[in-house]
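# Structural description and commentary
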Amino acid sequence: MKTGTALLIRSDRKVLRRNIVSGKWQEYRKIKEGVSVEAYIAHRMNDHSGGYWVTLKRGMIPCFDVISAMERNGVAEATDGCENIEPDGKCLHGYPAWPLVAIHHCLAG
């Protein structure tokens, strides 16, 4: 399930995915030999078939307290930065709200 989590590409071509609930990095996949890192990123950013790929910068993933406040207030932000959406919904661009992402990660582990 690709729901807006942060990705890290190591020098050994392993792609790690950060679980936004636990904050732990987990091995996600490995980039095939012969495919450049730039080509991999470009392909994944343009592949919208069933995933949410967002270019994230350090600090853009909200902490658990912020996500919890979004849920309590009934107004959330989507993983692409769109504001004022329902905590269990998606924005006009199809990106999920951060509380929805957190729920999916809790259920999927």
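For the structure itself, consult the block above.
These remarks concern the structure in this document. Position numbers for residues start from 1 in each chain and track the written sequence from start to end. The model is predicted, so local features are restricted to residues of pLDDT at least 70 and side-chain atom pairs to those at 80 or more, both for listing and for counting; the totals for chains, interfaces and linings are taken over all residues. To get the side-chain values, all heavy atoms of the structure are used, and hydrogens and water are removed first.

## Thoughts on the sheet that holds strand β3 (residues 14–18)
Condition: Criterion used throughout: strands pair if DSSP finds at least two bridges between them. In this text, helices come from DSSP runs of H or I with a minimum length of four residues, and strands from runs of E with a minimum of two, each type numbered from the N-terminal end. For helices, the axis comes from a line fit to the C-alpha atoms of the stretch in contact; other axes are also lines fit to C-alpha atoms, and the angle between any two N-to-C directions lies between 0 and 180 degrees.
The sheet built from three strands is open, its strands ordered β2-β3-β4 with antiparallel pairing. At either end of the open sheet lies a strand with only one pairing partner, and these are β2 (7–9) and β4 (25–30). Averaged over all neighbouring strand pairs, the angle between strand axes comes to 30°, with direction disregarded. Pairing of β2 with β3 involves three bridges; the strand directions are antiparallel. Bridge pairing links isoleucine 9 to valine 15 in β3.

## Some details on the pattern of salt bridges
Going by this rule: Salt bridges are identified by distance alone: a Lys or Arg side-chain nitrogen within 4 Å of an Asp or Glu carboxyl oxygen. Accessible area is worked out with a 1.4 Å probe on protein chains only. A residue is then buried under 20% of its type maximum, exposed over 50%, and partly exposed in between.
Inspection of every chain in the model, using the stated rule, returns three salt bridges. Two residues, arginine 10 and aspartate 12, come together in a salt bridge whose shortest N-O distance is 2.6 Å. Overall, the relative accessible area of 37% leaves arginine 10 in the partly exposed class. Note that glutamate 33 is salt-bridged to arginine 13, the shortest N-O span being 4.0 Å. On the criterion of sequence distance, the pair formed by glutamate 33 in the loop between β4 and α1 (37–46) and arginine 13 in the loop between β2 and β3 is long-range, its members being 20 residues apart.

## Some remarks on unusual backbone geometry
Although it is not a glycine, arginine 13 sits at a positive phi angle of roughly 75°. Here the phi dihedral of asparagine 84 falls at roughly 60°; this positive angle occurs in a residue that is not glycine. Structurally, asparagine 84 can be placed in the loop between α2 (64–73) and α3 (98–108).

## Here we look at the environment of glutamate 86
Looking at the element boundaries, glutamate 86 is found in the loop between α2 and α3. Its relative accessible area of 55% is what places glutamate 86 among the exposed residues.

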